[in-house]
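# Secondary and tertiary structure notes
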Amino acid sequence: LSGGVLWLLRTWVVARLTADIRLENDKRLEELKAQLNRTNEALDGFSSAGHIAYSQSQVTLLPHRISAINALWASVLEWNQMATASMFVAILSIDWIRSHGSDPSTKKTFETLLDAPNHLEFLKKRNETEVIRPLVSERAWALYAAFSGLYFSRISKASMLLISSIDHAKIWERINERNLIAASAPPEILKLYDENLFQGTSAFLDYLKNQILDEFRKDLSGSRDSESAISNASKILAAASALVQSSKRESEAPDITTVRLNAR
């Protein structure tokens with residue numbers, strides 16, 4: 001009888017402890033669920049507030065972004081003023097430059113093409129476009145950098161022909177625009193450029209203008225650049241920067257003041 005009583009007592013104690021533990025666990029589980037619900041509600045509130053704040057900031061920025069897009073596109077169109085000089089430079093072979101780069105007639109021709117020294121003021125105004133960069137997408141800016149970089153390299157070459165006392169051929173060979181086209185355009189445009197420089201240049205510039213317009217549309221619609229687009233933009237910017245720097249290197253070319261004085 002004593003053994004039976006002890007067994008029943010032990011069984012009752014185990015059952016009671018199990019029930020107490022289950023009750024305590026259920027209570028803690030309910031508290032945890034309630035805490036999670038409160039956290040989710042707070043996060044939803046933060047998310048909603050953040051979305052509203054972001055929307056308000058975009059509405060505030062929209063007029064400035066539209067103004068930046070207008071300014072960037074205006075600069076694209078203004079670069080076309082240098083189209084004749086650019087294409088003239090493109091068709092000059094390195095052998096012709098070696099033979100005639102320092103001729104007075106060459107200088108006179110390019111003074112007329114560039115409307116020297118007014119082209120210096122033109123280039124200065126193009127540099128002012130940099131201030132709108134934060135308001136346009138990174139890819140739109142990269143495409144513009146490629147567009148303006150090609151023109152800048154061509155106008156830099158033309159400017160060198162206004163000066164007789166430098167090695168034009170050496171500068172000509174140093175400024176390599178093909179790398180920019182390879183980084184910025186589809187293979188078929190690069191192929192066309194290699195086969196026919198004149199047609200390839202036109203196709204490249206048209207491609208860039210169309211891509212810039214497409215980027216403007218995406219930007220205004222609220223689309224964001226993908227990782228691949230950002231990577232591609234960095235590649236284009238690097239190539240454009242390298243081309244511009246090779247056109248501006250002072251160790252082998254005169255500075256802009258020298259060009260201005262000689263042009264006058």
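First, a word on scope: everything that follows refers to the structure included in this document. Each chain carries its own residue numbering, running from 1 in the direction its sequence is written. Selection of residues for local features in this predicted model requires a pLDDT of at least 70, selection of side-chain atom pairs for listing and counting requires 80 or more, and totals for whole chains, interfaces and linings are taken over all residues. Only hydrogens and water are removed before side-chain values are computed, so all heavy atoms of the structure are retained for them.

## Side note on helix H6 (residues 138-160)
For H6, spanning 23 residues, the distance from its first C-alpha to its last is 32 Å, which sits close to the expected 33 Å at 1.5 Å a residue. Of all 23 residues making up H6, 22 are buried, and the element is well covered by its neighbours. Numbering of helices and strands runs from the N terminus; a helix is a DSSP stretch of H or I covering at least four residues, while a strand is a stretch of E covering at least two. Residue count minus one, scaled by 1.5 Å, sets the expected span of a helix. Throughout, exposure labels follow a simple rule: accessible area from a 1.4 Å probe, protein chains only, divided by the maximum for the residue type, with under 20% read as buried, over 50% as exposed, and the rest as partly exposed.

## With respect to the packing of helix H9 (residues 187-195) against helix H10 (residues 197-221)
For helices, the fitted axis covers only the stretch in contact; all axes are lines through C-alpha atoms, and the angles between them, taken along N-to-C directions, range from 0 to 180 degrees. Between H9 and H10, the shortest axis-to-axis distance is 6 Å and the interhelical angle comes to 150°. On the basis of their axis angle, the class for H9 and H10 is roughly antiparallel. As H9 runs across H10, the sense of the crossing is left-handed. Contacts between H9 and H10 pair Ile189, Leu192, Tyr193 and Glu195 from the former with Leu197, Gln199, Gly200, Thr201, Ala203, Phe204 and Tyr207 from the latter. Looking at the contact of H9 with H10 residue by residue, the classes come out as seven nonpolar, three polar and one charged. In these notes the angle categories are as follows: under 35 degrees is roughly parallel, over 145 is roughly antiparallel, 65 to 115 is roughly perpendicular, and the rest is oblique. Crossing handedness is defined as follows: a turn of the near helix away from the far one that is anticlockwise and smaller than a right angle gives a left-handed crossing, while the clockwise case is right-handed. The criterion used for residue contact is that any of the two residues' heavy atoms lie within 4.5 Å. Three categories are distinguished: nonpolar for Ala, Val, Leu, Ile, Met, Phe, Trp, Tyr, Cys and Pro, charged for Asp, Glu, Lys and Arg, and polar for the others, with Gly belonging to the last.

## With respect to the nonpolar core
To qualify as a nonpolar core, a set must consist of buried Ala, Val, Leu, Ile, Met, Phe, Trp, Tyr and Cys residues joined through side-chain atoms within 4.5 Å. By size, the foremost hydrophobic cluster in this structure holds 56 residues, and its most contacted members are Trp79, Leu180 and Phe204. Beyond its immediate chain neighbours, meaning those up to four positions away, Phe204 contacts Ala146, Leu150, Leu180, Ile181, Ser184, Ala185 and Ile189.

## Some thoughts on the packing of helix H2 (residues 83-90) against helix H4 (residues 104-114)
Two elements in contact, H2 and H4, have axes whose closest approach is 8 Å; the angle formed by their N-to-C orientations is 145°. Across from Thr84, Ala85, Phe88 and Val89 in H2, the residues of H4 making contact are Thr109, Phe110, Leu113 and Leu114. Among the residues forming the contact of H2 with H4, the class breakdown is six nonpolar, two polar and no charged.

## Thoughts on the pattern of salt bridges
Oppositely charged side chains can pair when the atoms bearing their charge come close. The rule for a salt bridge is simple: a side-chain nitrogen of Lys or Arg has to be within 4 Å of a carboxyl oxygen of Asp or Glu. If you walk through the whole model with that rule in mind, you get eleven salt bridges. Taking the shortest distance from any N to any O, the salt bridge between Glu130 and Arg133 comes out at 3.8 Å. One salt bridge connects Asp214 with Lys218, and the closest N-O pair in it is separated by 3.6 Å. Within this pair, Asp214 and its partner Lys218 are both found in helix H10, separated by four residues, close to a single helical turn. For Asp214, a relative accessible area of 29% corresponds to the partly exposed category. Owing to a relative accessible area of 38%, Lys218 belongs among the partly exposed residues under this scheme.

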